[in-house]
Amino acid sequence: MARWILHVDMDAFYASVEQRDHPEYRGKPLIVGGVGRRGVVATASYEARKFGVHSAMPMETARRLCSQGIFIAGDHDKYAEVSAQIMAILADYSPLVEPLSLDEAFLDLSGMELIFASPIDIAREIKRRVREELQLTVSAGLAPNKFLAKMASDLQKPDGLVVVRHGGEQEFLAELPIEKLWGVGDVTAKSLRAKGFAKINQLALLEEAGLKPFFGQAAATVYKLVRGIDDRPVVPGRESKSIGAEETFPYDLTDADEMRTMLTVMANRVGARLRQEHFAAWTITLKLRYGNFQTLTRQRKLTRPTQADETIYRTALDLLTQHATLTNGIRLLGITVSHFESAERMETSLFDDREEKGRQISNVMDRLREKFGPAALLPGRMVAKPLSETKRERKDN
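Treat the numbers as computed from the prediction; the structure is a model and nothing was measured.

## Description of the overall build of the chain
Reasoning step 1: Helix and strand content of the chain: 16 helices and 12 strands.
Reasoning step 2: Buried residues in the chain amount to 46% of all 397 residues.
Reasoning step 3: Within the chain, contacts between residues separated by at least 24 positions form 65% of all contacts whose residues are at least 6 apart in sequence.
Reasoning step 4: Accessible surface, the chain: about 20,300 Å² in total, of which carbon and sulfur atoms supply 51%.

## Considering the sheet that holds strand β8 (residues 161–163)
Reasoning step 1: Judged by pairing direction, the sheet is mixed, and its 5 strands sit side by side in the order β5-β6-β1-β7-β8 without closing on themselves. Each edge of the sheet is formed by a strand with only one pairing partner; in this case those strands are β5 (97–101) and β8. The mean inter-strand angle of the sheet, taken between neighbouring strand axes irrespective of direction, is 15°.
Reasoning step 2: Sheet analysis places strand β7 (residues 138–143) next to β8, joined by 3 bridges and oriented parallel.

## Structural notes on the confidence of the model for the chain
Detailed reading of the predicted coordinates is not advisable wherever pLDDT is low.
Reasoning step 1: Per-residue pLDDT for the chain averages 84, and the proportion of residues at 70 or more is 84%.
Reasoning step 2: β7 holds the highest mean pLDDT among the elements of the chain, 98, whereas helix α16 (residues 389–396) holds the lowest, 35.
Reasoning step 3: Below a pLDDT of 50 lies the segment residues 345–352, which in the model reaches 12 contacts outside its immediate sequence neighbourhood of four places, other chains included.
Reasoning step 4: Contacts of residues 381–397 to residues separated by more than four positions or lying in other chains number 30 contacts, the stretch itself having pLDDT below 50.

## Description of the packing of aromatic side chains
Reasoning step 1: Summed over all chains, the structure comprises 6 aromatic pairs.
Reasoning step 2: Ring geometry for Phe197 versus Phe214: centroids 6.0 Å apart, planes at 80°, classification edge-to-face. Taken as a pair, Phe197 in the loop between α8 (186–194) and α9 (200–203) and Phe214 in helix α10 (residues 208–215) lie far apart in primary sequence, 17 residues in all. As far as the burial class goes, Phe197 and Phe214 line up, both buried.
Reasoning step 3: In this structure an aromatic cluster arises from ring pairing among Phe13, Tyr14 and Tyr79.
Reasoning step 4: Stacked on the ring of Tyr223, the Lys or Arg Arg227 has its end atom at 3.7 Å from the ring centre.

## A word on the environment of Ala219
Reasoning step 1: Examined against the element boundaries, Ala219 turns out to sit in helix α11 (residues 219–225).
Reasoning step 2: Along the backbone, Ala219 and Glu207 are 12 residues apart, and their C-alpha atoms lie at a distance of 9.2 Å.
Reasoning step 3: Once you skip the residues sitting within four places of it in the chain, Ala219 turns out to touch Glu208, Leu211 and Lys212.

## Looking at the sheet that holds strand β4 (residues 70–72)
Reasoning step 1: Read from one edge of the open sheet, 3 strands run β3-β2-β4, paired in mixed fashion. Only two strands of the sheet have a single partner each, and these edge strands are β3 (41–44) and β4. Neighbouring strand axes in the sheet, compared pairwise and without regard to direction, differ in orientation by 25° on average.
Reasoning step 2: Bridge count between strand β2 (residues 30–33) and β3: 3 bridges; the pairing is antiparallel. Within β3, the position partnered with Gly33 by the bridge is Val41.

## Structural notes on the nonpolar core
Reasoning step 1: Counting 35 residues, the largest nonpolar core has Leu6, Phe13 and Leu90 as the members making the most contacts within it.
Reasoning step 2: Contributing elements (two or more residues each) for this core: β1 (5–10), α1 (13–21), β2, α4 (76–91), β6 (104–108), α5 (119–134) and β7.
Reasoning step 3: For Phe13, the contacting residues outside a window of four places in its chain are Thr43, Tyr79, Val82, Ser83, Ile86, Leu102, Asp103 and Leu136.

## Let's talk about the packing of helix α12 (residues 256–276) against helix α13 (residues 309–323)
Reasoning step 1: Two elements in contact, α12 and α13, have axes separated by 8 Å at closest approach and are oriented at 140°. Here α13 runs oblique to α12, going by the angle between their axes. The way α12 lies across α13 gives a crossing that is right-handed. Every residue of α13 that contacts α12 at Met259, Arg260, Leu263, Thr264, Ala267, Asn268, Val270, Gly271, Ala272, Leu274 and Arg275 is listed here: Asp309, Ile312, Tyr313, Ala316, Leu317 and Leu320.
Reasoning step 2: Of the residues that constitute the contact of α12 with α13, the class distribution is 11 nonpolar, 3 polar and 3 charged.

## A word on the side chain of Glu104
Reasoning step 1: Here Glu104 is to be found in strand β6.
Reasoning step 2: In contact with Glu104, other than residues within four places in its own chain, are His7, Val8, Asp9, Met87, Pro99 and Lys150.

So, how was this worked out
- Residues numbered from 1 in each chain as written.
- Predicted model: local features only at pLDDT ≥ 70, side-chain atom pairs only at ≥ 80, totals over all residues.
- Heavy atoms only, no water.
- Helix = DSSP H or I, 4+ residues; strand = E, 2+ residues; numbered from the N terminus.
- Buried < 20%, exposed > 50% of the residue type's maximum accessible area, 1.4 Å probe, protein only.
- Contact = heavy atoms within 4.5 Å.
- Areas by Shrake-Rupley, 256 points an atom, 1.4 Å probe, with all protein chains shown as cover.
- Pairing = 2+ DSSP bridges.
- Axes fitted to C-alpha atoms, helices over the stretch in contact; angles between N-to-C directions.
- pLDDT = per-residue confidence, 0-100.
- Phe/Tyr/Trp six-rings, centres within 6.5 Å; stacked < 30°, edge-to-face > 60°.
- Lys NZ or Arg CZ within 6 Å of the ring centre and 35° of its normal.
- Core = buried A, V, L, I, M, F, W, Y, C linked by side-chain atoms within 4.5 Å.
- Parallel < 35°, antiparallel > 145°, perpendicular 65-115°, else oblique.
- Left-handed = near helix turned anticlockwise from the far one by under 90°.
- Nonpolar A, V, L, I, M, F, W, Y, C, P; charged D, E, K, R; others polar.

Following this line, the structure appears as structure tokens:
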């Protein structure tokens, strides 16, 4: 039975959802991401990409390149909801669906031609349904393995479909530039081109030892990839390894109350995600970055797993108080939880009375926010001393 792997990748996902929902954004350069002075671009519409704007670019740079652009913060909850609709469509065509993020996934279509006409027809049907049911476009790559499928999906964006047939692996790779190869960043590409390697098929002429100066321990993997070999299976239902929230501030925080306020907001976001995914976390990690870009991460293993916002907040605050120099300006704060237990399978004894009370309070807050909006309940710290918007504006100008 021939192995067929499909990689689907939504086109400019966040921006496309916003353009779908806001007709006034259509056909215009739209940039979604952190709108503050230190924000970064999450997604740029194809109209914005013509100006050189791309994801992970500092928002200040995007504003210089595309002064006529529309800049919005976006709505992660909405994107997660649309992502769930996309994944539901994919699940109709294979029991083996491996989400990589909100907007991309692998499907193993091997043997599905016994049910559907062919793997190519499945890819076309998925694209049609996403377009008609969600008014969005998806690019897809169909190939004998994950590596080739992912590369193929990127070649004819937007709304593309590229097929790599069995036996055509080397032909497909022949003319692709080395920058298309996984793991080749700017530094590695520069080093390779300096040695005369411009195309992937040129790397296939090297043995593993010849690849080591460029790729180090990854040379064995690259040796297979440049020959179109990738035996990795599609792993369905990949669970989150961690859940986190972080924010880069438009000015350096020096006020302890403002730091506590932001930790509260992030703890609420992380706790809500834990409860939504029915996880409880054993480990809480605090991340901070000073104004001089020095970054600090500290974590703590709990004695019992938690789903409670207050436990997450108190632990992060304790880590901040113990390990951070609060008199230094802080430009970024983040909270991440990891090492999960399935809350549905856990013994009640693992939750003590205080934790159980915290979970119940958090669940009530979830329901109230769902009914009345995310701002329906604000922590007392935020009401007592909110972040100064005027201070933000003064620092931004």
